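Overview (structure and organization)
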Amino acid sequence: MTDNTLKTGTCPKCSSNEVYTDKELVKRGERMQLVVSSWKWFFLDTYICLTCGHFEEHIRETELRDEKTIEKVKETWDKVR
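The written sequence of each chain sets the order in which its residues are numbered from 1. For a predicted model such as this one, the threshold for reporting local features is a pLDDT of at least 70, and the threshold for listing and counting side-chain atom pairs is 80 or more; totals across whole chains, interfaces and linings nevertheless cover every residue. For the side-chain quantities, the full set of heavy atoms in the structure was used; hydrogens and water were omitted.

1. A few points about the pairing of strand β4 (residues 55-59)
Side chains Glu 56 and His 58 of β4 all project onto a buried face; the interleaved residues Phe 55, Glu 57 and Ile 59 project onto a face where none is buried. Pairs of strands are assigned from DSSP output, requiring at least two bridges between the strands. By definition, any uninterrupted DSSP run of H or I lasting at least four residues is a helix, any uninterrupted run of E lasting at least two residues is a strand, and each is numbered from the N terminus. In this structure, the hairpin formed by strand β3 (residues 40-49) and β4 is closed by a connection of 5 residues, where Gly 53 is found at a positive phi of approximately 90 degrees. We call a residue buried when its accessible area falls under 20% of the maximum for its residue type, exposed when it is over 50%, and partly exposed in between, using a 1.4 Å probe and counting protein chains only.

Take a look at the structure:
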C-alpha cells in the first residue's frame with residue numbers, strides 16, 4: 001500500500017517536496033494534542049506543504065500503542081462506515 005500522506009516528504013495534492021514537520025519539536029498548547037477524554041489524549045505531529053498550504057496532523061505511532069487510550073476512543077467515538 002502506498003502512503004499518500006505528507007509524511008513521505010511529497011505533497012499528495014501538488015507533488016511538491018517543500019514539506020516540513022514539527023515532529024521533533026517539544027509539544028506545547030492545545031493545538032498539539034487530541035483530547036480523547038479528561039485524562040487521555042494523543043500528541044500530534046503536524047506536516048505542512050509550503051507550496052500549496054495543504055497540512056495534515058498525525059497521531060504519533062508510539063501513542064497508537066497505548067491500549068487504554070485506543071479502547072477509550074473505540075468506546076466514545078463513532079466509527080466511520
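Having seen the model, we can carry on.
2. Here's the deal with a negative patch on the surface
A cluster of acidic residues, Asp 66, Glu 67, Glu 71 and Glu 75, forms a negative patch on the protein surface. Locating Asp 66 in the fold gives a position in the loop between β4 and α1 (67-76). Asp 66 gets classed as partly exposed once you look at its relative accessible area, which sits at 35%. Two joining distances apply to patches: 9 Å for like charges and 5 Å for nonpolar side chains (Val, Leu, Ile, Met, Phe, Trp, Tyr), and every residue must have over 30% relative accessible area and no salt bridge. The protein chains shown are the only cover counted for residues, whose accessible areas, like all others here, come from Shrake-Rupley with a 1.4 Å probe. Whenever a carboxyl oxygen of Asp or Glu lies within 4 Å of a side-chain nitrogen of Lys or Arg, that contact is scored as a salt bridge. The charged-residue count follows a simple rule in which Lys and Arg add positive charge and Asp and Glu add negative charge, with His and chain termini not counted at all. For charged residues, the charge sits on one atom: NZ in Lys, CZ in Arg, CG in Asp, CD in Glu.

3. Side note on the side chain of Thr 69
With respect to the secondary-structure elements, Thr 69 resides in helix α1. You can call Thr 69 buried: its relative accessible area is 3%. Whether two residues touch is decided by their heavy atoms; if any such pair falls within 4.5 Å, the residues are in contact. Ignoring any residue separated from it by four or fewer positions in sequence, one finds Thr 69 in contact with Val 36, Lys 40, Trp 41 and Phe 42.

4. Some thoughts on the pairing of strand β2 (residues 33-37)
In the sheet, β2 pairs with β3 via 4 bridges, with the strands oriented antiparallel. Directly across from Ser 37, in β3, lies its bridge partner Lys 40. Counting the residues in the hairpin turn of β2 and β3 gives 2 residues.

5. Details of the environment of Trp 39
As for its placement among the helices and strands, Trp 39 is situated in the loop between β2 and β3. Look at Trp 39 and you get exposed, because its relative accessible area is 75%. Trp 39 sits 30 residues away from Thr 69 along the chain, and the two C-alpha atoms are 9.4 Å apart.

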